[in-house]
There are 2 protein chains.
Amino acid sequence: MDRNLCLEPATVATVLHDERQLRITWADGHTSIFDSLWLRDNCPQDRDPRTGQRLVDIADLPQDPKLLSVRQPDDNSLEILWVDEPRSAQFSLSWIRRHCYCDQHRCSTRPAAVLWRGSADGIRRVRYSDVLRNQDALGDWLTSLIRYGITFLSEVPCEHGRVLSVAALAGYVTETNYGRIFDVWSLPDPNHLAYTDAGLGLHTDNPYRDPVPGFQFLHCLQSSDEGGDSLFADGFAVAADMKDRDPDVFAVLSRTPVRFTFKDADSDLTAERPLISLDHRGDTAAIHYNNRSIAPPSLPSEEMQRYYPAYRLFSQMLRDPRYIMRLRLRPGDLVAFYNHRVLHGRTGFRDLGVRRHLQGCYVSPDGVFSTFALLHRNQERVPA
Amino acid sequence: MDRNLCLEPATVATVLHDERQLRITWADGHTSIFDSLWLRDNCPQDRDPRTGQRLVDIADLPQDPKLLSVRQPDDNSLEILWVDEPRSAQFSLSWIRRHCYCDQHRCSTRPAAVLWRGSADGIRRVRYSDVLRNQDALGDWLTSLIRYGITFLSEVPCEHGRVLSVAALAGYVTETNYGRIFDVWSLPDPNHLAYTDAGLGLHTDNPYRDPVPGFQFLHCLQSSDEGGDSLFADGFAVAADMKDRDPDVFAVLSRTPVRFTFKDADSDLTAERPLISLDHRGDTAAIHYNNRSIAPPSLPSEEMQRYYPAYRLFSQMLRDPRYIMRLRLRPGDLVAFYNHRVLHGRTGFRDLGVRRHLQGCYVSPDGVFSTFALLHRNQERVPA
């Protein structure tokens, strides 16, 4: 995702430089400062014209290139010369402006998450036929998925395997030991509690896997006569509230490694991760919580004693009704959610006249974010 | 992976307890200490007998269960009662011993990486027909992949798509915008420098993707007459040496977010990660380095000034011949490597009489580790 800023025409008021830095003040008053090495590292002629890929390696570049001259051959470009280098570089001014790295303009790679508790107006339910026909409807549906971590389709034909063609609208299906597609229904000899009629508390799927499935798509082919409501909660909202309320507990959960396992005749999966994963900036990047697959903790005794109360508090917060969206999927409904963020569960059910049946698949994040970015490539702004 | 320790018979010498802790001294002299809450949390009867999955949530358990009595009804088990709870728990002694969480026995989820510089005796080349026929050969091949991050097959039939059936021996193929399978050869109108005859410096694939492809399998169908040697290096060894040599540089590279991008007509991929990713323990978990897809850095000026020299040093180390394994893939050779660890590259080539042609696919880590664990499930120890 390119930043959605700097869309003003890149008109220059003044250009100043010394050996180390270029300082451009734009017509709108903003000042951008670029290091000489950054400019040298990003010379347009060092990009392959066919693919846009960089042709040089940092080790090929001078260690300390000194700016010699900067001039504006026309209204749209800047020509730069460095000391002891014969070659000048031509930058487009709009490119330069778009890549300003001041505090205000530094880009983020993903649209910001909008937290929700119980529900939110921005969570969309879109008709499948509209998504097929109409780029705006597809954009609406994906925007909800990316901003809120959850989105719904209605009137998806109740056909076996249809969930795969819905997934293909967004990205690429992830194959696992459960297959490319999995049937969620009650089985006589289940290898998994999901394949029983038991209620399931809020959880994320497959934290014992590397990588953990990104998006989950679940298509309701048949609902049960009794029970089987779906439950969802925004784990990022729960984590944010916990961080506010008890930063020490949040810190324990974000640094204590938790092992998760799943074993059956054909699989032996184990992975270790904290219940709350932080990114390199210290922001919440993922929630992984699944009481069914947590392995016995293996921690030093003093860490164990800090971990258990924190784990209990998180588990209790996940039962707080104010976080929970409860609804009943009807045949033809399809929910998609970000499994690194949104927890899901269900109430217990009983198959009487009909057999409750969902079909699901996992979809990796990259394709979904790529589809979203392509939809907005030629738009001015990412929709709010 | 279960820990590969504690294989002695679990014979008890003494059992002591107070309200909070159980202390078992085993016949071999080792003492294990278990917290009361840990024991209560892991009662065998709270696991589903069919699936082994946990049926209770931590929020369902008493906050501070007090041990009342511990007795040994027979040589193989331990019966525990807690204050104010009617139900006793029966633990198998061998299970208890296996789950000792003292400093010495705490388990790791993955076999340890063995670092290599240039080459290592443990890196295996196995005949494809042997892997198909023989579980030990399959185990050898996978052990090299998991311990060293790289492994070779020879005499793989030079058929289109055969790489997919090789991948299926190990795990599940990851589909991306390049397809389930990709052809690496020189194209007249490439969307990617890999699809030219250019030399490629050491790199990891697709750091602009989320998740980054785990394992890469490359099957040589045709080598070129001139050039096109393959290069590999163990990024974990480079990172370890850098950490020894210059811990500050290592720290900069492990915390500075770097954006990577790939864009063509059908894809718009962007992700941000440090060149060296650490896990929650502070250990090196992944290397992501690709000079072709690094986006212009977007950092505060003072971070930029720390980042560039660190990035340059890393890039220079990656050219140091002592790290590099150089070899020529022959038709029928298939290399598999862990793309979060092992960097790969090639020398430039010229298609004269024949056209250099590799077919590749990505394979997600979970399936490979599961296959490896299944192979060793009934063995006493993970092979060294």
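## Points about the state of the cysteines
Defined simply, a disulfide is a covalent bond joining two cysteines at their sulfur atoms.
Point 1. Within the structure shown, the criterion is met by 0 disulfides over all chains.
Point 2. Distance from the sulfur of Cys100 of chain A, which forms no disulfide, to the nearest cysteine sulfur (Cys102 of chain A) is 3.5 Å.
Point 3. When its relative accessible area of 0% is taken as the criterion, Cys100 of chain A is described as buried.
Point 4. With no disulfide partner, Cys158 of chain B has as its closest neighbouring cysteine sulfur the one in Cys220 of chain B, 6.9 Å distant.
Point 5. Judged by its relative accessible area of 43%, Cys158 of chain B is partly exposed.

## A look at the sheet that holds strand E3 (residues 31-35) of chain A
Residue and element names in this part refer to chain A.
Point 1. The strand order E1-E2-E3 describes an open sheet built from 3 strands, whose pairing is antiparallel. Each of the sheet's edge strands pairs with one partner strand only, and the pair in question is strand E1 (12-17) and E3. Each strand of the sheet is rotated relative to its neighbour by a mean of 15 degrees, with strand direction disregarded.
Point 2. Examined bridge by bridge, E1 and strand E2 (residues 21-26) share 5 bridges and lie antiparallel to one another. Its bridge partner being in E2, His17 is matched across the sheet by Leu22.

## Focus on the side chain of His288 of chain A
Point 1. Mapping His288 of chain A onto the fold places it in the loop between strand E18 (284-287) and helix H8 (301-317).
Point 2. Excluding residues that lie within four positions of it along the chain, His288 of chain A makes contacts with Thr204, Pro207, Val212, Phe260, Arg273, Pro274, Leu275, Ser277 and His340 of chain A.

## Overview of the interface of chain B and chain A
One frequently used descriptor of interface size is the decrease in accessible area upon assembly of the parts.
Point 1. Facing the 90 residues of chain B at the interface are 90 residues of chain A.
Point 2. Taking both sides of the interface into account, the surface hidden between chain B and chain A amounts to around 8000 Å²; carbon and sulfur atoms contribute 47%.
Point 3. Considering only the side of chain B, the residues that lose the most area to chain A are Gln53, His280 and Arg312 of chain B, jointly responsible for 9% of the buried surface there.
Point 4. Between the two partners, chain B and chain A, sit 9 salt bridges.
Point 5. The shortest N-O distance in the salt bridge between Arg319 of chain B and Asp60 of chain A comes to 2.7 Å.
Point 6. Applying the counting rule to chain B against chain A returns 43 residue pairs in polar contact (both at pLDDT 80 or more).
Point 7. Every element with two or more residues in the side of chain B that touches chain A is listed here: helix H1 (36-41), strand E15 (258-263), strand E16 (268-273), helix H8 (301-317) and helix H9 (365-375) of chain B.
Point 8. Among the elements that line the side of chain B that touches chain A, the one with the most residues is H8 of chain B, at 8 residues.
Point 9. Across the side of chain B that touches chain A, the residue classes tally to 37 nonpolar, 23 polar and 30 charged.

## With respect to the environment of Ser94 of chain A
Residues and elements named next belong to chain A.
Point 1. Tracing the backbone shows Ser94 in helix H2 (residues 93-98).
Point 2. Assessed through its relative accessible area of 39%, Ser94 is described here as partly exposed.
Point 3. A polar contact is formed between the side chain of Ser94 and the side chain of Ser92, at a distance of 3.2 Å.

Analysis parameters
Residues numbered from 1 in each chain as written. Chains lettered and ligands numbered in written order. Predicted model: local features only at pLDDT ≥ 70, side-chain atom pairs only at ≥ 80, totals over all residues. Heavy atoms only, no water. Disulfide = S-S within 2.5 Å. Buried < 20%, exposed > 50% of the residue type's maximum accessible area, 1.4 Å probe, protein only. Pairing = 2+ DSSP bridges. Helix = DSSP H or I, 4+ residues; strand = E, 2+ residues; numbered from the N terminus. Axes fitted to C-alpha atoms, helices over the stretch in contact; angles between N-to-C directions. Contact = heavy atoms within 4.5 Å. Buried area = accessible area lost by both parts, 1.4 Å probe. Salt bridge = Lys/Arg side-chain N within 4 Å of Asp/Glu carboxyl O. Polar contact = N/O pair within 3.5 Å; in protein donor to acceptor, adjacent residues only side chain to side chain. Nonpolar A, V, L, I, M, F, W, Y, C, P; charged D, E, K, R; others polar.

Purely geometric numbers; function is a separate question.
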